[in-house]
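Here are the chains, one letter per residue:
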Amino acid sequence: MTTPQPRRSALVTGASAGIGAAFARHLAADGHDLILVARRSDRLETLATELRRDHGVRAETVTADLTDRSAPAAIVDRVDELGMAVDVLVNNAGLSSKTMISDTEWDTLAAELQLMVTAVTELTHRVLPGMKARRWGRIVNLSSVAAVSPPGAGLLYTGIKSYVLNMSQSLDMELKPHGIHVTALCPGFTRSEFHDVMDTRDVADRLPGFLWQQPEDVVREGWDAVRAGKPVCITGVVNKVSAAAMRPIPGRIGYFLGRTLNPFK
């Protein structure tokens, strides 16, 4: 008689909408218990109720703002209080500045770095001891196809996402012998609230439809890559072709493209 596999638990940041909510639904359907993290407690509770009802999983919520330096430690402490383990970590929460670096207040830039660099790295670091002790873990870090694109003038975003991509690959090499896979998920344009929050909906709506993916498609392709142990997943045919085409671009041409395609013009 085979021993039943224990139910795994997943922590998803930015779980109240978009790719984060899609990840929560996908993992719940796959039999994972959930720890849902975001700033909007009402949306988290609504999603948690849905997951319990539809999939019979345990779904806990943690209201937290990851731009707060104390948030990662507080989240992990709360998970311990709940008596849960983080077997799967999805570092999904993110944003992008609305103005050029030189025109943006430092506090705003610092929050962007805290959310998508420091918090991602700290949460990963804090859950690793447990994963290593259990000799099993899966980590998904939301990067972007922007990480392999020419840098955009005035944006921290491409640099941040490049860091996430490189850090994830380095960690995957380090942790594979411990039974832990790390995947940098690199979507392109995805239908979500991101552009509404960033006040770029008018620009986004002018882009052709074939460039866009639904969050559910991004998550499905990303989770397949995680299960296959792939350290990088660029989602969608258009993004794969674009990324392949941009890799050999010489530095001078890439710099020119980054200035020409400046989103703040």
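Above this text sits the structure in question.
Everything quoted here is computed from the prediction, not taken from an experiment.

Q: Looking at this structure, I do not really get the side chain of Ser 144. What am I missing?
A: Residue position: Ser 144 is located in the loop between strand 5 (137–142) and helix 5 (157–175). A polar contact of 2.9 Å, which involves the side chain of Ser 144, links it to the backbone nitrogen of Ala 146. Residue contacts for Ser 144: discarding those within four places in its chain leaves Tyr 157, Lys 161, Leu 185, Cys 186 and Pro 187.

Q: Just checking my understanding: could you explain the pattern of salt bridges for this structure?
A: On inspection of all chains with the given rule, the structure shows nine salt bridges. Residue Arg 126 is joined to Glu 122 by a salt bridge in which the shortest nitrogen-to-oxygen separation is 2.8 Å. Taken together, the residues Arg 126 and Glu 122, both in helix 4 (residues 106–134) and four residues apart, mark about one turn of the helix. As a salt-bridge pair, Arg 220 and Asp 217 come within 2.8 Å of each other at their nearest N and O atoms.

Q: Explain unusual backbone geometry to me, please; I cannot follow it from the model alone.
A: Trans peptide bonds make up the majority, and among non-glycine residues the majority have a negative phi. A positive phi is found at Arg 135, a non-glycine position, where the angle reads about 55°. Topologically, Arg 135 is positioned in the loop between helix 4 and strand 5.

Q: Just to check I follow, could you spell out the pairing of strand 4 (residues 88–91) for this structure?
A: Two faces belong to every sheet, and in a regular strand the side chains alternate between them. Residue alternation in strand 4 divides its side chains into two sets, Val 88 and Val 90 and Leu 89 and Asn 91, and both sets are buried. Bridge count between strand 1 (residues 9–13) and strand 4: three bridges; the pairing is parallel. Looking at the pairing, Leu 11 lines up with Leu 89 of strand 4. Pairing of strand 4 with strand 5 involves four bridges; the strand directions are parallel. Bridged to Leu 89 within strand 5 is Ile 139.

Q: It is not clear to me how the nonpolar core should be interpreted in this structure. Could you clarify?
A: Across soluble globular proteins, nonpolar side chains show a tendency to be buried alongside one another. Leu 11, Leu 66, Ile 75, Leu 89 and Met 131 are the most contacted members of the largest nonpolar core, which totals 33 residues. The contact partners of Leu 89, leaving out residues within four places of it in the chain, are Leu 11, Leu 123, Thr 124, Val 127, Met 131, Arg 138, Ile 139 and Val 140. Judged by nonpolar contacts, the second largest core, of 30 residues, contains Val 12, Ala 24, Trp 223 and Cys 233.

Q: So what exactly am I meant to see when it comes to helix 2 (residues 41–55) here?
A: Helical geometry note: an α-helix holds 3.6 residues per turn, so side chains three or four residues apart project in the same direction. Between the first and last C-alpha of helix 2 there are 21 Å, a value that for 15 residues agrees with the 21 Å anticipated at 1.5 Å per step. For helix 2, every residue scored as buried is listed here: Leu 44, Leu 47, Ala 48, Glu 50 and Leu 51. In an axial view of helix 2, the angular spread of the buried residues amounts to 160°, which keeps them on one side of the axis. Turned more than 90 degrees away from the buried face of helix 2 sit Asp 42, Thr 46 and Arg 53, all of them exposed. In this structure, the buried residues of helix 2 make contact with helix 1 (18–29), strand 2 (33–38) and strand 3 (59–63).

So, how was this worked out
- Residues numbered from 1 in each chain as written.
- Predicted model: local features only at pLDDT ≥ 70, side-chain atom pairs only at ≥ 80, totals over all residues.
- Heavy atoms only, no water.
- Helix = DSSP H or I, 4+ residues; strand = E, 2+ residues; numbered from the N terminus.
- Polar contact = N/O pair within 3.5 Å; in protein donor to acceptor, adjacent residues only side chain to side chain.
- Contact = heavy atoms within 4.5 Å.
- Salt bridge = Lys/Arg side-chain N within 4 Å of Asp/Glu carboxyl O.
- Buried < 20%, exposed > 50% of the residue type's maximum accessible area, 1.4 Å probe, protein only.
- Pairing = 2+ DSSP bridges.
- Core = buried A, V, L, I, M, F, W, Y, C linked by side-chain atoms within 4.5 Å.
- Expected span 1.5 Å × (residues − 1).
- Arc of directions from axis to C-beta.

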